[in-house]
Amino acid sequence: MQEALAGELEVDLGAIVANWHTLRNRHGADIAGVVKADGYGLGAVPVALAMAGAGCRHFFVAQLQEGLALRQAIGNAPMIAVLGGFPPGADSGAGLTPVLNTPQDIAAWAAAPRQNAGVILHLDTGMERLGLSAAQRAELPPGVLDNAGLRYVMTHLACADDPGHPLTALQVSRFAEAAGAFPDTPRSLANSAGLFRGLTSDLARPGCAAYGINPTPGQPNPMRQVMRLTIPIIQLRDVPAGTPVGYGATWIAKRDSRIATIAAGYADGYLRALSSRGIGIIAGRPVKLVGRVSMDLITLDVTDAGDMQVGDRVEMIGPGQTPDEVAALAGTIGYEVLTSLGARYRRRYLGAA
Ligand SMILES: *Cc1c(COP(=O)(O)O)cnc(C)c1O
């Protein structure tokens, strides 16, 4: 196999920056870059560097290791908050900002020597996942975080992508009340969907929208697409009507057919649930995935797609078949499609200029 015949993931940093500006303008106040899970699968470091170049001064990651790696790459100036928190000192002086989620977190950080990077307090208002419950808030010793350098109080919305869901308004009012106990502390509220619900605060935390996922499901996507995954054809074959293709022989040619085999599979994060459902785009034309997705290979029915040859590339996810559309076919969400993108693709970053 020639070196060139590998899947290629192209990430348009310029489009990510354009999305970041769209979000910034829409919010009318600071927004953070949310680059957890390796920047939603697209590369936390290049994405964060591009956002920092556009003026982003706050980043969120999920885990300590992600924060340490990001700090090395982007220098000391931006805030890097770790949503899952970490014990005092565990960042070895990297200046990461922990999100405190429990009374134990608070006690540990209140007792630690004050860090310049400060802390963020997570008030749970209805997600029931992380953050202080109302009962835990009621039991906080007054002034417990006075010396910890409290930078933000935050909450996280559970249902902002569903315009009809009553929990969003309830969370907003619970947050206003809970944050009232910290009158001088800036607030951080909206995710991508919340921002498009018009919810503002001192610092929004939009993730998916920056990466082109529609923050307003069911309505036109206001964001630009930022990625394209193309997979090369590594074999073409003509099969007579009646021939089964792939594991389990689940697809049988109804007519004489031309099958293209391309060099990616579920090991690359192309979900096996897309067996017999996925779509590829060849030279602007859609072609159907036939049979099962294998670990390293996918088969497509290209009978009606015109001339092609080994080495031609098929777009499997991209502007012609967006992460949201692929997710709909697979019974999941665009977030999972992006964060599943595999390690074997050659990655190419288009400039942020
Ligand atoms: C992932 C996450 C976000 C970003 O959410 P999107 O839906 O991707 O905009 C914001 N805040 C917290 C706490 C998160 O975990």
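Quick caveat, the model's predicted, so the values are computed rather than measured. (Residues numbered from 1 in each chain as written. Predicted model: local features only at pLDDT ≥ 70, side-chain atom pairs only at ≥ 80, totals over all residues. Heavy atoms only, no water.)

Bringing the overall build of the protein chain into the picture now. Tallying secondary structure elements over the protein chain gives 10 helices and 19 strands in all. Each principal axis of the C-alpha atoms in the protein chain carries an extent, and together these give about 80 × 40 × 35 Å. Looking at the protein chain residue by residue over its 353 residues, the buried ones come to 50%. Within the protein chain, contacts between residues separated by at least 24 positions form 63% of all contacts whose residues are at least 6 apart in sequence. On the protein chain, roughly 15,700 Å² of surface is accessible, and the fraction owed to carbon and sulfur atoms is 51%. (Helix = DSSP H or I, 4+ residues; strand = E, 2+ residues; numbered from the N terminus. Buried < 20%, exposed > 50% of the residue type's maximum accessible area, 1.4 Å probe, protein only. Contact = heavy atoms within 4.5 Å. Areas by Shrake-Rupley, 256 points an atom, 1.4 Å probe, with all protein chains shown as cover.)

For the rest of this paragraph, the subject is the layout of surface pockets. One number sums up the size of the largest pocket: a volume of about 880 Å³. The wall of the largest pocket is formed by 41 residues, among which Tyr40, His156, Asn191, Cys208 and Tyr335 lie closest to the centre. For the lining of the largest pocket, the class distribution of residues is 24 nonpolar, 12 polar and five charged. Here the lining of the largest pocket spans two domains, and each of domain 1 (32-210) and domain 2 (227-350) adds at least three residues to it. For the second largest pocket, the calculated volume is near 320 Å³. (1 Å grid on protein atoms, 1.4 Å probe; cavity = no way out; pocket = protein on both sides within 12 Å on 5 of 7 lines; lining within 4 Å. Points joined across faces, edges and corners; volume = space filled by probe spheres on them. Nonpolar A, V, L, I, M, F, W, Y, C, P; charged D, E, K, R; others polar. Domains from an automatic or database assignment.)

Before going further, it helps to spend a moment on the domain arrangement of the protein chain. Entries for the protein chain in the domain assignment read domain 1 (32-210) and domain 2 (227-350). Between domain 1 and domain 2, the residue contacts involve eight residues of the former and seven residues of the latter. Our count for the contact surface shared by domain 1 and domain 2 stands at zero salt bridges. Across the domain 1-domain 2 interface, the total number found is two residue pairs in polar contact (both at pLDDT 80 or more). For the side of domain 1 that touches domain 2, the leading source of residues is helix α2 (residues 36-40), giving three residues. Classifying every residue of the side of domain 1 that touches domain 2 by side-chain character gives five nonpolar, two polar and one charged. (Salt bridge = Lys/Arg side-chain N within 4 Å of Asp/Glu carboxyl O. Polar contact = N/O pair within 3.5 Å; in protein donor to acceptor, adjacent residues only side chain to side chain.)

The subject of this paragraph is the site of the ligand. Near the ligand there are 13 residues, and of these Lys36, Tyr40, Ser192, Cys208 and Tyr335 occur at the shortest range. At 2.9 Å, a side-chain N or O of Arg205 approaches a nitrogen atom of the ligand. About the coverage of the ligand: the protein hides 91% of its 380 Å² of free accessible area. When each cavity is represented as a set of grid points, the ligand is found to reside in the largest pocket. When grouped by side-chain class, the residues that make up the shell around the ligand number six nonpolar, four polar and three charged. (Near = heavy atom within 4 Å. Sits in = over half its atoms within 2 Å of the grid points.)

Turning to the pattern of salt bridges, a few remarks are in order. Evaluated as defined, the whole model comprises 12 salt bridges. Note that Arg348 is salt-bridged to Glu8, the shortest N-O span being 3.0 Å. Taken together, the residues span a long stretch of sequence, with Arg348 in strand β19 (residues 346-350) and Glu8 in strand β1 (residues 8-12) at a distance of 340 residues. By relative accessible area, which is 11% here, Glu8 ends up buried.

The next point concerns helix α7 (residues 167-179). Taking 1.5 Å per residue as the helical rise, α7 with its 13 residues ought to reach 18 Å, and the 18 Å between its terminal C-alpha atoms agrees with that figure. Within the span of α7, buried status applies to Leu167, Thr168, Gln171, Phe175, Ala178 and Ala179. The buried side chains of α7 occupy one side of the element, clustering within an arc of 95 degrees when seen end-on. Along α7, the residues that are exposed and aim more than 90 degrees away from the buried face are Ala169 and Glu177. (Expected span 1.5 Å × (residues − 1). Arc of directions from axis to C-beta.)

It is worth spelling out the side chain of Arg205 at this point. Considering the arrangement of structural elements, one finds Arg205 in the loop between β10 (203-204) and β11 (227-239). No salt bridge is formed by the buried Arg205; its nearest oppositely charged neighbour, Asp124, is found at 9.9 Å. Side-chain polar atoms of Arg205 contact the side chain of His156, separated by 3.3 Å. From its side chain, Arg205 meets the backbone oxygen of Leu189 in a polar contact 3.5 Å long. (Lys, Arg positive; Asp, Glu negative; His and termini not counted.)

Take the pairing of strand β6 (residues 97-100) next. Every second residue of β6 is oriented toward a common face, with Thr97 and Val99 on one face and Pro98 and Leu100 on the other, all of them buried. Inspection of the sheet shows strand β5 (residues 79-82) paired to β6 by two bridges, in the parallel sense. Note on β6: the bridge partner recorded for Ala81 is Thr97. Relative to strand β7 (residues 119-122), β6 is paired through two bridges, and the arrangement is parallel. Paired with Val99 across the two strands is Ile120, which belongs to β7. Between the parallel pair β6 and β7, the chain is carried across by helix α5 (residues 103-111), and the sense of this crossover is right-handed. (Pairing = 2+ DSSP bridges. Right-handed = clockwise from strand over helix to strand, strands pointing away.)

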